[in-house]
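As a plain string of letters, each chain reads:
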Amino acid sequence: MARKTVLQLSGVERHYGQGETTLSILKGADFDLKTGEIVALVAPSGTGKSTLLHLAGLLEHPDAGEVFLAGQACNGLPDAERTAMRRNQIGFVYQFHHLLPEFSAVENIMMPQLIAGLSKAEAKERASQLLDYMRIGHRAEHRPSELSGGEQQRVAIARAVANAPRVLLADEPTGNLDPKTASYVFDALEALVRQSGLAALIATHNHDLASRMDRRVTIEGGKVVEM
Ligand code: ADP
Ligand code: MG
């Protein structure tokens, strides 16, 4: 079966105005992500990795160009539709877990599902499956502060995919972990992406992890280029 493009950036530009000067970060960036693919985004700090992920995740609008999700052009959509697409089609993982501190691991993973309208029982069942999948089922009732850094990130990944998005975007998800833990967290993430038919774009500075992904891209001169 031919793999389908789930995320496409076409001629995307992003410029930040700083007083008199303009900082051009993306200058006509093109990028395609296909179902089942895990792609590493490897580029020095300040080159626009987070900017690119925020645009791909519909958290920001490009100054020019278009972002397509599952073939749908997203830039001109009304805010409510963009929000719905972001909730249903995209999972986001950050360098710091951003879990809700007063809720347990399983509750954190249930939250996006409850917002999407699932029943508590349904949400709990899926959350428990995801925790098992991330090999932290035994930590379900613990709050984030009671979990290790690697466990926190595994909960954050489970939460990001709780609503079965098409695309997982991760911004240096293991950047705060030691190499061994980073490798373990990546194993779990990879298994999840492979079995669920997701697609993932992962910004990382970790060249070992990048070498284990399907493809590597970088940002050069405001464009996305294959490495
Ligand atoms: P990376 O994630 O690769 O480190 P970023 O996408 O965060 O890079 O940032 C790229 C550049 O754009 C940096 O120089 C940063 O300072 C600048 N930048 C990012 N966001 C803004 C903003 N909201 N306003 C002005 N400059 C920004
Ligand atoms: Mg960044």
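Just above, that's the structure.
The structure contained in this document is the topic of the report that follows. (Residues numbered from 1 in each chain as written. Chains lettered and ligands numbered in written order. Predicted model: local features only at pLDDT ≥ 70, side-chain atom pairs only at ≥ 80, totals over all residues. Heavy atoms only, no water.)

1. What to know about the pairing of strand β1 (residues 5-18)
Consecutive residues of a regular strand have side chains that alternate between opposite faces of the sheet. The test is simple: For two strands to be treated as a pair, DSSP must find no fewer than two bridges joining them. Each helix is a run of DSSP H or I of at least 4 residues and each strand a run of E of at least 2, with the numbering of both proceeding from the N terminus.
Pairing of β1 with strand β2 (residues 21-34) involves 11 bridges; the strand directions are antiparallel. From the neighbouring strand, Gln8 faces β2, where its bridge partner is Asp32. What sits between β1 and β2 in their antiparallel hairpin is a turn of 2 residues, with Gly19 showing a positive phi close to 60°. Sheet topology note: the β1/strand β4 (residues 64-69) ladder contains 5 bridges and is antiparallel. When the bridges of β4 are listed, Ser10 appears paired with Glu66.

2. Quick look at the sheet that holds β2
Just so we agree on the cut-off: Any two residues whose heavy atoms approach within 4.5 Å at even a single point are treated as in contact. Throughout, an axis means a line fitted to C-alpha atoms (over the contacting stretch in the case of helices), and angles, computed between N-to-C directions, take values from 0 to 180 degrees.
Strand order in the open sheet made by the 4 strands is β2-β1-β4-β5, with antiparallel pairing throughout. In this open sheet, the two edge strands, each paired with only one partner strand, are β2 and β5 (72-73). Most of the contacts of helix α1 (residues 49-56) go to β1, to which it runs at about 125°, and overall it touches β1, β2 and β4.

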